[in-house]
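Understanding the architecture of this molecule
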Amino acid sequence: MPYPAKLTPDAIATQARVLLEGGGPEALNMRPLADALGVRPSSLYRHYADRAALLSALTEIAARELRAAMAGAAAGLNPQAGLLAMAGAYHAYARAHPHLYALLLDPARPYAPAGPLKDLWNTVLEQVSAVTGRPDDTGATVAVWAFLHGHTLLFLGGQFGPSGDQGGFRRGLEALVRGLLTA
């Protein structure tokens, strides 16, 4: 197979995403990815050092997409309504892209003081701080972040059973926002 001149990091990441979203992390390996792109596996290493580097790139894509969805949902709304809309967008993104979402939760990923993951956190922090009226309200943001992650993981894992959460997501968010206003 010849080395195609149009093979780019973006083209590789796009096809890697297709494999990941279609079959989970087990489906994303360099050989099947190279086959899908019509190249030799060694061609991929010109752009990504290894599978971990490719997963890192996909994690950054997921963080940027999730941040954009959340910020877009909150745009133009008052702080409380914006936070509720952001939470809904968060949950919707995780449902639509469970394998990409799972990359965001990888405990092996090192903390990065800058970049798309930090930008995602800062988007939530700014919205929560607007609700509480306290700049850089990290404690309240941790509470919101933990609720979003926890409920979403329970939902994705099917832990609510066939009846669903019975409105618990919305009810929990509304209670959390009321608590933020009085704390």
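These lines cover the structure that appears in this document, whether it is placed above or below. (Residues numbered from 1 in each chain as written. Predicted model: local features only at pLDDT ≥ 70, side-chain atom pairs only at ≥ 80, totals over all residues. Heavy atoms only, no water.)

**Here's the deal with unusual backbone geometry**
Filter applied, for reference: Numbered from the N terminus, helices here are DSSP runs of H or I no shorter than four residues, and strands are runs of E no shorter than two.
One non-glycine residue, D136, adopts positive backbone phi at about 55°. Structurally, the position occupied by D136 is in the loop between α7 (116-132) and α8 (138-156). Its identity as a non-glycine residue notwithstanding, Q166 has a phi of 55°, on the positive side. Inspection of the secondary structure assignment puts Q166 in the loop between α8 and α9 (168-182).

**Things to note about the environment of G168**
Among the structural elements, G168 can be located in helix α9. Spatially, the C-alpha atoms of G168 and H151 are 8.9 Å apart, while their sequence positions differ by 17 residues.

**Details of helix α2 (residues 30-37)**
Convention followed: Partly exposed describes any residue whose relative accessible area lies between the buried limit of under 20% and the exposed limit of over 50%, with all areas from a 1.4 Å probe on protein chains only and scaled to the type maximum. The directions considered for the arc run from the helix axis to the C-beta atoms. Residue contacts are defined here by distance: any two heavy atoms, one from each residue, within 4.5 Å place the two residues in contact.
Turning to α2, its buried residues are M30, L33 and A34. End-on, the buried residues of α2 take up no more than an arc of 100°, which puts them together on one face. Taken together, the buried residues of α2 touch α1 (9-23), α3 (41-44) and α4 (51-74). Positive phi appears at G38, one or two residues downstream of α2, with a value of about 75°.

**Here we look at the packing of α7 against α8**
The criterion, for reference: Every angle, taken between N-to-C directions, lies between 0 and 180 degrees, and every axis is a line fitted to C-alpha atoms, over only the stretch in contact when it is a helix. Throughout this description, any angle smaller than 35 degrees is read as roughly parallel, any larger than 145 degrees as roughly antiparallel, any in the 65 to 115 degree range as roughly perpendicular, and the remainder as oblique. Rotating anticlockwise by less than a right angle from the far helix to the near helix defines a left-handed crossing, while the corresponding clockwise rotation defines a right-handed one. Think of it as three bins: nonpolar holds Ala, Val, Leu, Ile, Met, Phe, Trp, Tyr, Cys and Pro, charged holds Asp, Glu, Lys and Arg, and polar takes everything else, Gly as well.
At a minimum axis distance of 9 Å, the contact between α7 and α8 shows a crossing angle of 115°. When the interaxial angle is binned, α7 and α8 end up roughly perpendicular. Viewed along their axes, α7 and α8 form a crossing whose handedness is right-handed. Residue-level inspection shows L120, W121, V124, L125, V128 and T132 of α7 in contact with α8, the latter providing T138, A140, T141, V142, V144 and W145. In terms of residue class, the contact of α7 with α8 is built from 9 nonpolar, 3 polar and no charged.

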